[in-house]
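# Analysis of the macromolecular model
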Amino acid sequence: MRVSWNWLSEFVDLEGCEPLATAERLSLAGLEVEGIERFGAGIEAVLVARVDEVSPHPGADRLRLATVDAGTHGTFVIVCGAPNVRPGIHVPFAPVGTVLPNGVEIQAASIRGVPSHGMLCSADELGLDADGEGLLELWGAMTPGQSLGEVLGLPDWSFELSLTPNRADCHGVLGVAREISALLVRPLKRGHGPVASSRLGSPRESAARFEVRIEDADGCPRYAFAVVTGLTEGVSPSWVQQRLRCSGVRPVSRIVDVTSLAMLENGQPLHAFDLERLSGSTLTVRGAREGETMEGIDHAVRALDPDDLVIADEAGPVAIAGVMGGVRSEVSSGTKAVLIECAHFAPSRVRRAARRHALHTEASHRFERGVDPGAVDRALGRAVELLVRIAEESGDRPLVSGDWVDVDRRSPEAKRVSLPEGFVARHLGLEVGRERELEILERLGFESVDGAFVVPSWRFDVSRPIDLVEEVARVVGYDSIPAVMPSMQPGVAVRRRMDAPLDQLAQPIVPRERLEGFTRLRDSFCVSGWNEAIHPAFGDPERQARLMGVNEFLRIRNPLGEETSVLRRTLLDGLLRAVRHNQSHGAERVALFETGKVFDPASGVPDGPEPQHVAGVLAGLASLRWMEASRPADLHDLQGALERLGHAVDRPIRFESPHDIDVPPWLHPGQAAVVCAGGGCVGWAGGLHPELVDSLDLQGPVLAFEADLDEWLAVAPATRSAAAVPRFPGSARDCALLVDRSLPWAAVEQEIRSCWHPLMEQLRLFDVYAGDRVAEGRKSLAFRILYRNPEGTLLDADVERIHGELISHLERTLGAVQR
Amino acid sequence: MTASVSNELAKLVTEAREKFDSALTEDELNRVKAGYLGRQGAISALMRRMKELSPEERPAFGQRVNAAKDALEVALDRRREALRRERIQRAIESERMDVTLPARGGERGALHPLRRVEQDLVGIFRRLGYDVAEGPEVELDFHNFSALNFPADHPARDMQDTFHLEGEPDRLLRTHTSSVQIRTLLANQPPVRIVAPGAVYRSDEVDMTHSPCFHQIEGLFVDRGVTMAHLRGTLEAFAAELFGRSVGIRLRPSFFPFVEPGAEVDVGCVFCDGAGCRVCGQTGWIEILGAGMVHPAVFESVGLDPEEWTGFAFGMGIERIAMLRYGVQDIRLFYENDLRFLAPFA
Ligand SMILES: [Zn+2]
């Protein structure tokens, strides 16, 4: 919201206050001043002049000669190019010698042979309105020769306030003035009280021409209106327009501008209905009826919801309460009489309607946050007073009818909040002193009655003692609160609440072991040359389905786009996109890993677990270092990195063939390995399916893995105990077996282990060969077994015999042949 | 007879010395050595001819043969040492390498800059005695809003545009890590002090400083007798740790429904030491977090007595701090995972 300094000074004594310092003080009290704009600087020498005569310029078609009256300053002939120059209008006149805000100095000059004695100005030239083309036409009461600044109420400052939702009371000049008065200890001026307008009599509940019926007093606790006739609608006086501009509002026309002024001043939205376009004699405040529609002043026709609170005349709704008026009763150029509504609507009711109809108006913004229901009469009185004054200034003879209605159904109880002694210190750690507390609160409008504070009707945000603590803290300044380090006994043990209100609530505190596991895991990846990626948890349903072979997702009701409309079930979606991105920018090696949550709708329970996954992709070269620079990465590189990872988190892994388990769709069916830790499967690793490499437009080879970190870390960590160092020499035997090419090493190993002899100590595969030197469809697996007798000398004959038996067992069971 | 054997011995020694010196490798030298000093060698053969001599002549002959043998051993050692040195020298020459070539392996990957910041922040608070807590990213309205004193139909909810789940009116993507405050207080008996890092979601339009997903770290400290002075003390200690030196902090009143009094917290600009620069918008201050005293309504919603317990909470954006610390201008770079962007964080 923007607020004018001059307007503020009508309500609070700002004599001697410096605007910039005041803005800083407001910011440090919670009313953040986001920007400050200066209006009308450098126009001190500009005068009001009346154009008396306009004649053509003898030497130029586009120029004219204007004779202007500048009162006691004299009469001048000015060469003028503006199209809107015409006799009778009042315009700004810069006499010779004036320096305009844009730095131009007005000099006596001859333009195309005709001398010109000054300049008539546009709003743009005066720095008042960048869009203001043509001469600035001045409206309202003024005399030629008067200072322009005096007429427009300039110079002025405009503060742009960024208000938090709790400070509804500062959506009007009056509220900000109250705040300044408390902060700077400056008295409020008389004008802040009720408007004692002689034009308004005493309010009544009904009147001759119109009455109001409130059917929904919860939605509308107070409804008031006044009727003014004898108007002609037209341009507002210039001082009104300028005041609106300083408040960030575009001037429209007199009646509309008056409701704006009254709202900007009091924070209370008002609405003017064209009296002659209302039907019947009763306004009803009620819920909309099934099937009702209303065309708003924005010309959109809206189907109304029974929860919408509307103002209706006998022909139907004429406004959605507190949100927008209807076009049928809208004020227009022909309006001669108005009914000005000034009411209090329940914040949540207005908010629901505004959201339902996707409308956010100056009125709904204020009502949602809370408008002072105690200021309805003041705002209405002010609007009527301004309307009459402006109408008279514009030459009308307005008449305020006796129809001033105020139906007030508010609870008469004011909120009271107590502030026990010591309470402020107990929360702030700062002794403010009882007297100071009282003084601050009273200045903010909290009246101390019988040991409690009566909350002023404009403070919706105050209902508890702690709210008063904040008020005190704001005014004394947060900077006066000392800095004290809380005492920190190390390691307060986490204690589950015995009275935990929800059963079996998951413990949010992360065990140290798990935290450190995550750190070691990431370190291990980085040490292996992998880079960490972080992606948002949004997924593209189509791509996720392709990777996972599932169609059930947690879907977002209001996604930013289709490709971010579900929550991911695999981290590979994001990682593969990153591969594509990096390859398209020329990366020869992409090694990325990510840890993050995945979301399974089948977990069902609304508060279900979110498994933490780890995934990675490896694409392109195995290494960028020169000696390996031409070797493409393969499955073994990926598996090596994963094994290191297993050791880093102290839960070693092994790889198994999938056998009869279904392989996830993202995996190459011939390069899919189950990642096992402890007794179970924790994930998958392997080549990316060639179909995906193709359709995602990747450059192969691409290796990938994904594992469930929760399951992995749930495996018992490796246990360690010392082993005896052998004292007797061992003896090694090598063996090269020709086997079927599809036979996995794990099957061979399993057979060897099945006839493991106590003299066998170690098995190591040292060569795998499938090429010209072995038969088609066969491969050679060369391994070495180390034999040792831990208790004595190993006999060669024993080794020969045991090894021979092993070989014949393998030949028999695997169809193998020793090379 | 004696003379001929003696001559033969002398000849043998001379000949052996020549052959030793002409051997070019240690292997060749060993073969030559065997021809003279081995069991089948020339010297042994000469010894066997001792029986041809008279008993009187034998001791003197024996001594001469032994002397010759010793002399040969010396010559042999000398030659062997020379050859060994030559071999080492050759090795030194032939094994010369370019030590400036890049090593094998040893490339380090990058830890994501957001992770670096998260780890640093968590580390600071762990050293201050805080536990780490975490909560789900798909939250219930209760934990994310109502228990945090955001009433339904209240404009405070507009401060955080929310993603909702389809078909489940009560579930949403958490808009802040403050939901973990509620979970922690529901599960655990105070005193508690936790920090909770994690991803949060808001349906903001994407631009240089806004992303629909970003990361926060939340702090909560609840005990008996906690005051706003303790909040200030903690934040000062935190800022000094984060920036590695003492920086001023400034608290400005602000509004978050779950704290009262609430504050926005600025730190003195570390780029200009408060003089005013582009980073701090000429103000000398940089806003880095929101904080305040835990609102009594929050204690009530988790069933704790606000008369007994007080506490403070704070929260900050990890992206915001990473952008300041590493000079990142566009928040979207964090989620693109471009290796060229990540490389400096190895
Ligand atoms: Zn700076």
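Within every chain, residues take consecutive numbers counted from 1 along the sequence as written. Following the order in which they are written, the chains are lettered starting with A and the ligands numbered starting with 1. In keeping with the model being predicted, local features are shown solely for residues with a pLDDT of at least 70 and side-chain atom pairs are shown and tallied solely at 80 or more, while totals for entire chains, interfaces and linings include all residues. Hydrogens and waters are ignored; side-chain quantities use all the structure's heavy atoms.

## Re the coordination of the zinc ion
All names here are of chain B. To keep it simple, the criterion reads: Coordinating donors are taken to be N, O and S atoms lying within 2.8 Å of the metal, or within 3.2 Å when the metal is Na, K or Ca; because water is excluded from the atom set, some sites may appear incomplete. A site with four donors is called tetrahedral when every donor-metal-donor angle falls between 85 and 135 degrees; four donors are called square planar, and six octahedral, when opposite donors sit more than 155 degrees apart and all other angles fall between 65 and 115; any other arrangement is irregular. Relative accessibility decides the category of a residue: with a 1.4 Å probe and only protein chains considered, values under 20% of the type maximum give buried, values over 50% give exposed, and everything between is partly exposed.
Surrounding the zinc ion are the protein donor atoms C269 (SG), C272 (SG), C277 (SG) and C280 (SG), at 2.2 to 2.3 Å. The site at the zinc ion holds four donor atoms, and with the angles between them running 102 to 114°, its shape is tetrahedral. Mapping the donors of the zinc ion onto the primary sequence gives the spacing C-x2-C-x4-C-x2-C. For C272, a relative accessible area of 14% translates into the label buried. Judged by its relative accessible area of 16%, C277 falls in the buried class.

## Regarding helix α8 (residues 362–369) of chain A
Residues and elements named next belong to chain A. Selection criterion: Comment: elements are numbered from the N terminus, with helices defined as DSSP H or I runs of at least four residues and strands as E runs of at least two. It only takes one pair of heavy atoms within 4.5 Å for two residues to be counted as in contact.
Most of α8 is tucked away: six of the eight residues are buried. Along α8, the residues that are buried comprise A363, S364, R366, F367, E368 and R369. Where the residues of α8 are buried, they touch α6 (254–266), β20 (338–344) and α7 (347–356). Of the residues one or two after α8, G370 is the one with positive phi, at around 115°.

## Structural notes on the packing of aromatic side chains
To keep things clear, this is the line we draw: A pair of Phe, Tyr and Trp rings is counted when the ring centres sit within 6.5 Å of each other, with Trp represented by its six-membered ring. The angle between the planes then sorts it: under 30 degrees is stacked, over 60 is edge-to-face, the rest tilted. Note on geometry: a ring has a charge over it if NZ (lysine) or CZ (arginine) is within 6 Å of the ring centre and within 35 degrees of the ring normal.
Counted by the stated rule, this structure contains 25 aromatic pairs over all chains. Geometrically, the ring pair formed by A:F76 and A:F93 is tilted, given 5.0 Å between the ring centres and 35° between the ring planes. Residue A:F76 is located in strand β5 (residues 75–80), and its partner A:F93 is located in strand β6 (residues 90–94); the two are separated by 17 residues in the primary sequence. Where A:F538 meets B:F163, the ring centres are 5.4 Å apart and the plane angle is 70°; that geometry is what we call edge-to-face. Within this pair, whereas A:F538 is found in strand β27 (residues 538–539), its partner B:F163 is found in the loop between α6 (141–144) and β3 (164–165), the two belonging to separate chains. In terms of burial, A:F538 and B:F163 fall into one category: buried. Connected via pairs of aromatic rings, a cluster forms that spans B:F125, B:Y130, B:F221, B:F238, B:F312 and B:F314. Over the aromatic face of A:W458 sits the side chain of A:R178, whose NZ or CZ is 3.6 Å from the ring centroid. The aromatic ring of A:Y769 is capped on one face by A:R773, whose charged end is 4.3 Å from the ring centroid.

## Side note on the state of the cysteines
Counted only if it meets this: The rule for a disulfide is simple: a pair of cysteine sulfur atoms within 2.5 Å.
Here the structure, examined in full by the defined rule, presents zero disulfides over all chains. In this structure A:C170 is a free cysteine whose sulfur lies 17 Å from that of A:C17, the closest cysteine sulfur available.

## Some remarks on the pattern of salt bridges
Stated formally: Any carboxyl oxygen of Asp or Glu within 4 Å of a side-chain nitrogen of Lys or Arg constitutes a salt bridge here.
Applying the stated rule across the entire model yields 91 salt bridges over all chains. A:R788 is the salt-bridge partner of A:E761, the closest N and O atoms lying 2.6 Å from each other. Taken together, the residues A:E761 in strand β36 (residues 760–769) and A:R788 in the loop between β37 (778–787) and α20 (796–814) connect sequence positions 27 residues apart. Judged by relative accessible area, A:E761 falls into the partly exposed class, the value being 37%. Connected through shared salt-bridge partners, A:D216, A:D305, A:D307, A:D308, A:R349, A:R352, A:R356 and B:D153 make up one network.

## Considering the pairing of strand β8 (residues 259–268) of chain B
All names here are of chain B. This is how the line gets drawn: DSSP-based pairing: two strands are paired if at least 2 bridges between them are found.
When you tally the buried positions in β8, you get 10 out of 10 residues, the bulk of the element. The pairing of strand β7 (residues 249–254) with β8 spans six bridges and is antiparallel. Paired with S254 across the bridge in β8 is G262. Hairpin connection from β7 to β8: four residues lie between these consecutive antiparallel strands. In the sheet, β8 pairs with strand β9 (residues 285–294) via eight bridges, with the strands oriented antiparallel. Residue pairing for β9: V267 is matched across the bridge by I286.

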